[in-house]
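If you want the building blocks of each chain, they are given just below.
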Amino acid sequence: MRIGELAARAGTTTRTLRYYESRGLLPARRGGNGYRTYDEADLKLLRQIRTLQDFGFDLEETRPFVECLRAGHPEGDSCPASIEVYRRKLGELDELIGELQAVRTEIGLRLSMAEGEPPLCELGGQEL
């Protein structure tokens with residue numbers, strides 16, 4: 001398929017595909033007529049990249065998954081480098097969740113004080 005069809009099927013733009021190509025994430029094959037050519041495997045690579053980006057992975061973090069797919073693994077996430085990226089991302093998410101929980105607690109306390117009521121313990125409903 002040509003670049004326009006691949007972009008349409010992947011839900012992205014030809015500009016994005018050219019960028020991925022320049023970053024080495026998408027192969028740069030050319031047909032006899034000089035046009036870029038792609039196949040279903042390239043579509044699978046793009047879907048993997050887009051899914052990971054939807055989950056908050058930056059473009060460089062998708063590279064191990066792309067390389068794993070290229071190595072013949074059907075899902076792209078069973079290689080050691082992909083697993084390590086998953087672990088690192090989970091650690092980042094856990095840290096963010098902790099920070100958000102602390103902010104939520106603080107806002108809850110401020111709300112209670114603003115309403116003129118004694119602040120309640122979040123877990124037991126008892127005054128602090």
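This structure is a prediction, so every number in the text was calculated from the model and none was measured.

So, how was this worked out
Residues numbered from 1 in each chain as written. Predicted model: local features only at pLDDT ≥ 70, side-chain atom pairs only at ≥ 80, totals over all residues. Heavy atoms only, no water. Buried < 20%, exposed > 50% of the residue type's maximum accessible area, 1.4 Å probe, protein only. Helix = DSSP H or I, 4+ residues; strand = E, 2+ residues; numbered from the N terminus. Arc of directions from axis to C-beta. UniProt positions renumbered as here; feature names shortened; annotations may be inferred. Disulfide = S-S within 2.5 Å. Patch = residues over 30% accessible without salt bridge, like charges linked within 9 Å, V, L, I, M, F, W, Y side chains within 5 Å. Areas by Shrake-Rupley, 256 points an atom, 1.4 Å probe, with all protein chains shown as cover. Salt bridge = Lys/Arg side-chain N within 4 Å of Asp/Glu carboxyl O. Phe/Tyr/Trp six-rings, centres within 6.5 Å; stacked < 30°, edge-to-face > 60°. Lys NZ or Arg CZ within 6 Å of the ring centre and 35° of its normal. Core = buried A, V, L, I, M, F, W, Y, C linked by side-chain atoms within 4.5 Å. Contact = heavy atoms within 4.5 Å.

## Describing helix α2 (residues 14-22)
Working step 1: The set of residues buried in α2 consists of Leu17, Tyr20 and Glu21. Take α2 and look down its axis: the buried residues cluster within an arc of 100°, on one side only. Residues of α2 that are exposed and point over 90 degrees away from its buried face: Arg15 and Ser22.

## Describing the UniProt feature "domain: HTH merR-type" (unreviewed entry) in the chain
Working step 1: UniProt feature "domain: HTH merR-type" (unreviewed entry): in the numbering of this structure it lies at residues 1-68.
Working step 2: For the annotated span residues 1-68, helix accounts for 56% and strand for 0% of the residues, and the straight-line distance between the end C-alpha atoms is 23 Å.

## Side note on the state of the cysteines
Working step 1: Counting across every chain of the model gives one disulfide.
Working step 2: Sulfur-sulfur distance for the disulfide between Cys68 and Cys79 comes to 2.1 Å. Handedness here is read from the sign of the S-S torsion; for Cys68 and Cys79, about 85°, the answer is right-handed. Of this pair, Cys68 sits in helix α4 (residues 63-70) while Cys79 sits in the loop between α4 and α5 (80-114), and the two are eleven residues apart along the sequence.

## Brief notes about a nonpolar patch on the surface
Working step 1: Where nonpolar side chains cluster on the molecular surface, the patch consists of Leu90, Leu93, Leu96 and Ile97 and spans about 360 Å² of accessible area.
Working step 2: Mapped onto the fold, Ile97 is located in helix α5.

## Quick notes on the packing of aromatic side chains
Working step 1: What the rule picks out here adds up to three aromatic pairs.
Working step 2: When the ring of Phe57 is compared with that of Tyr86, the centres are 6.3 Å apart and the planes differ by 75°; the resulting orientation is edge-to-face. Here the residue Phe57 occupies a position in the loop between α3 (40-54) and α4, and Tyr86 occupies one in helix α5, the gap between them amounting to 29 residues.
Working step 3: Each member of the aromatic cluster is reached from another via a ring pair, and the members are Phe57, Phe65 and Tyr86.
Working step 4: Across the ring face of Tyr35, the terminal group of Arg2 is positioned such that the distance to the ring centre comes to 3.9 Å.
Working step 5: Taking NZ or CZ as reference, Lys89 lies 5.2 Å from the ring centre of Phe57, over its face.

## Thoughts on the nonpolar core
Working step 1: Formed by 16 residues in total, the largest nonpolar core has its most connected members in Leu6, Leu17, Tyr20, Leu25, Leu26, Leu46 and Ile49.
Working step 2: Setting aside residues no more than four positions away along its own chain, Leu46 makes contact with Leu6, Ala10, Leu17, Tyr20 and Leu26.

## Quick notes on the pattern of salt bridges
Working step 1: All chains considered together, the criterion is met by nine salt bridges.
Working step 2: The salt bridge involving Arg23 is made with Glu60; its shortest N-O contact spans 3.0 Å. Taken as a pair, Arg23 in the loop between α2 and α3 and Glu60 in the loop between α3 and α4 lie far apart in primary sequence, 37 residues in all.
Working step 3: A relative accessible area of 38% means that Glu60 is categorised as partly exposed.

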